[in-house]
Amino acid sequence: DTLLDRHTRGVQSLRQDTDQVLRTVQDLQGTVGTMGAKAVTMGRQLDKIDQQRRRACDAAQAIRIYDILCGQDEDGARRAMTGLIACKGASDATCNGTRRRRMANDEGTARHLMNSALMLRKLQAAAVVATGEGAKRARARLEEGGKALEHAGVVCFDSATQRCQASSPDSGEHASALMDMRAAADALLYYNGGATMMQRYVSTRTPFMDADVLNSDRKAVDNVVSHDDAVTAVQTLVEDMVRFVHQESLELPHIFGKHDTVMMMLLERLCYERLAPMLEGVLHRLDLLLLDQCACNERLDCFVSIVRWCGHMVTTLETGLDDSGPLADKEARHEIAQVLDDLLAPFVLGFVASQLEVLQKRLDVLLPDVSSALSVQYTLHEHHAHAPDTHSAHGDAAATTVEAKGSDKPCDASRHPAAHHPDGHDAVDDDDKQGIGHNGIGHNKQGIGHNIGHNVAAPVSHEAAVSH
């Protein structure tokens, strides 16, 4: 045989061996695939069986605990509730120790809280439908156990909050603390809605607890000496509130399942406890400092700027800081817009009332006779408007009596030169009264309304022109 023939036979033999190995591998792959499918099916069946087993164990534990709670053994009932609720873990989490030990205690307590909440709900459901003295004892003890669970959840939440505040936002400990806060909040959310935990979180935020923040708001009010200072104080506060809400919008979804509800609670408390005192303080400060209350344009410009900044806060809740996305849902934005309207309405109405009072005083000085006639005619108009609408003979007689009495009154010709005709007859008959009511009252009311409208519209148009 030549060298070429031996090489050819070797290649053919190697090819046959390779094909045999390939067929063997393919067979193995098919076998492995079949075994994998069988393993997945068996795993699902085992998981189902384990779920049934856990449910049976939970049911057996619930029956055992319920029997103990229905009994008269106080010590046994106390031990059962102590073992059910993670009170020990919560107390250990607040004690002095290493950071790793505190983290382990918090994580274990947070996991156990949900199991405790689930068990308490099952026991309460059984106690509600049961009757007898034992059921009454069980309900009373379960109520105490619910309070203990709520206390344990709050303690665990506070401990995790301290860890979260003390750690860097990019660290693993910060993420672990957020998970523990979420576990504690979810446990109470499942048990009783979590209102206590939400209120606890809102009340411990920096704007409501930090004395420096409160003092800075008071200092801003004390530094107001002009309308521009008042607008600047409100602007600074609104910007600070927007930044705080933006930061909270990043963390709330990681802590609470109902984070929109918590955001609404935060916004309402910010408006009532920071914005409302600021508005009241700066406007009261202006009332004390500005002796000339007739500066309608300046005061109106101040109101317009304050309303604009309040509207800026509502707009930012929709668009987000730097267009990063909504900071609150539609319901929360609508609620906060209504709150702001309620806060601003008394100040605006007070401003309008004060300006009307100033106009009335000026009218009394410049036109005392016309002002008196306007007041009398307005009083009579209000009297007839609120009087019952009847057409009886008694009502006609009463009206005639009023007219007769009015005609008997003397008229001072010196104060009213045109009150009498030269022939001695009264010039003010019924037709003339209608003429006074038409020409005097109607014209003056339109004039007052026109002046107020002009004073209101002028600063807005001037400011729009400056902006343009």
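The shown structure was predicted, so the numbers you read here are calculated from the model rather than taken from an experiment.

So what's going on with the overall build of the protein chain? Which residues, and what values?
Counting its regular elements, the protein chain contains 16 helices and zero strands. Per-residue burial for the protein chain yields a buried fraction of 29% across its 468 residues. Long-range pairs, those at least 24 residues apart, make up 72% of the contacts in the protein chain with a sequence separation of at least 6. Accessible surface, the protein chain: about 29,600 Å² in total, of which carbon and sulfur atoms supply 56%.

How would you explain a negative patch on the surface if you had to name every residue and give the values?
Negative charge collects at one region of the surface, where D260, E331, E335, D341 and D342 lie side by side. Relative to the helices and strands, D260 is located in helix α11 (residues 259–289). Taking relative accessible area as the criterion, D260 reaches 32% and is therefore assigned partly exposed.

Just give me the short version of the packing of helix α5 (residues 133–166) against helix α6 (residues 172–192), but keep the residues and values in it.
Between α5 and α6, the least distance of the axes is 8 Å, while the angle of their chain directions is 160 degrees. With respect to each other, α5 and α6 are oriented roughly antiparallel. Note on packing geometry: the crossing formed by α5 with α6 is left-handed. Along its contact with α5, which presents L142, G146, L149, E150, G153, C156, F157, A160, T161, R163 and C164, the element α6 presents E173, H174, S176, A177, L178, D180, M181, A184, A185, L188, Y191 and N192. Residue composition of the contact of α5 with α6, by class: 13 nonpolar, six polar and four charged.

Give a description of the nonpolar core that names residues and reports values.
Grouped burial of nonpolar side chains is what soluble globular proteins tend to show. Of all hydrophobic cores here, the largest spans 85 residues; its most connected members are L123, F157, F256, L275, V282, M313 and L340. For this core, the element with the highest residue contribution is α11, accounting for 14 residues.

I'd love a proper account of the packing of helix α10 (residues 227–255) against α11, names of residues and values included.
Where α10 meets α11, the closest approach of the two axes is 11 Å, and the angle between their N-to-C directions is 170 degrees. Relative to α11, the element α10 lies roughly antiparallel. Taken together, the residues of the contact of α10 with α11 break down into 21 nonpolar, three polar and three charged.

Can you break down α6 residue by residue, with the values?
In an α-helix there are 3.6 residues to a turn, and that puts residues three or four apart on one side. Helix length check: α6 (21 residues) gives 30 Å between terminal C-alpha atoms against 30 Å at 1.5 Å per residue, within 8%. Residues E173, H174, S176, A177, L178, D180, M181, A184, A185, A187, L188 and Y191 constitute the buried set of α6. Taken from the residues just after α6, G193 is the one with a positive phi, measuring 95 degrees.

Kindly report on the pattern of salt bridges, identifying the contributing residues and their values.
Inspection of the entire model under this criterion finds 15 salt bridges. One salt bridge connects R269 with E273, and the closest N-O pair in it is separated by 2.8 Å. Of this pair, R269 and E273 both sit in helix α11, four residues apart, which is roughly one turn of that helix. On the accessibility criterion, R269 (25% relative accessible area) is partly exposed. Connected through salt bridges with shared partners, the residues D217, D240, R243 and R274 form a single ionic network.

Tell me about the packing of aromatic side chains, and name the residues and values.
Scanning all chains against the criterion turns up three aromatic pairs. Residues F157 and F256 carry aromatic rings whose centres are separated by 5.9 Å and whose planes lie at 40 degrees to one another, so their mutual orientation is tilted. One end of the pair, F157, is in helix α5; the other, F256, is in the loop between α10 and α11, with 99 residues separating them in the sequence. Judged by centre distance (5.3 Å) and plane angle (75 degrees), the rings of Y201 and F256 are edge-to-face.

Can you tell me about the side chain of S167, naming the residues and giving the values?
For S167, the location among the structural elements is in the loop between α5 and α6. Classification of S167 by relative accessible area gives buried; the value is 12%. For S167, the side chain forms a polar contact with the main-chain oxygen of R163, separated by 3.0 Å. Among the polar contacts listed, one links the side chain of S167 to the backbone oxygen of C164, at a separation of 3.2 Å.

With reference to specific residues and values, describe a nonpolar patch on the surface.
Taken together, the side chains of V225, L288 and L289 make up a nonpolar region of the molecular surface, amounting to roughly 280 Å² of accessible area. In this structure, L288 sits in helix α11. A residue is classified by how much of its surface remains accessible, and L288, at 55% relative accessible area, is exposed.

An account of the confidence of the model for the protein chain is requested, with residue identities and associated values reported.
Detailed conclusions should not be drawn from predicted coordinates in areas where pLDDT is low. In the predicted model, the protein chain carries a mean pLDDT of 74, and 72% of its residues have values of at least 70. Within the model, pLDDT remains below 50 along residues 87–97, and this stretch shows 14 contacts once partners closer than five positions in the same chain are excluded. Long-range and interchain partners of residues 390–468, a stretch whose pLDDT sits below 50, account for 40 contacts in this model, where long-range means more than four residues apart.

Provide a residue-level description of the environment of L188, including the pertinent values.
As for its position among the elements, L188 is in helix α6. Judged by relative accessible area, L188 falls into the buried class, the value being 2%. When the C-alpha positions of L188 and V154 are compared, they lie 9.0 Å apart, and in sequence the two are 34 residues distant. If we ignore the near neighbours within four places in the chain, the residues touching L188 are L149, E150, G153, G193, G194 and M197.

Cut-offs used in this document
- Residues numbered from 1 in each chain as written.
- Predicted model: local features only at pLDDT ≥ 70, side-chain atom pairs only at ≥ 80, totals over all residues.
- Heavy atoms only, no water.
- Helix = DSSP H or I, 4+ residues; strand = E, 2+ residues; numbered from the N terminus.
- Buried < 20%, exposed > 50% of the residue type's maximum accessible area, 1.4 Å probe, protein only.
- Contact = heavy atoms within 4.5 Å.
- Areas by Shrake-Rupley, 256 points an atom, 1.4 Å probe, with all protein chains shown as cover.
- Patch = residues over 30% accessible without salt bridge, like charges linked within 9 Å, V, L, I, M, F, W, Y side chains within 5 Å.
- Salt bridge = Lys/Arg side-chain N within 4 Å of Asp/Glu carboxyl O.
- Lys, Arg positive; Asp, Glu negative; His and termini not counted.
- Charge placed at Lys NZ, Arg CZ, Asp CG, Glu CD.
- Axes fitted to C-alpha atoms, helices over the stretch in contact; angles between N-to-C directions.
- Parallel < 35°, antiparallel > 145°, perpendicular 65-115°, else oblique.
- Left-handed = near helix turned anticlockwise from the far one by under 90°.
- Nonpolar A, V, L, I, M, F, W, Y, C, P; charged D, E, K, R; others polar.
- Core = buried A, V, L, I, M, F, W, Y, C linked by side-chain atoms within 4.5 Å.
- Expected span 1.5 Å × (residues − 1).
- Phe/Tyr/Trp six-rings, centres within 6.5 Å; stacked < 30°, edge-to-face > 60°.
- Polar contact = N/O pair within 3.5 Å; in protein donor to acceptor, adjacent residues only side chain to side chain.
- pLDDT = per-residue confidence, 0-100.

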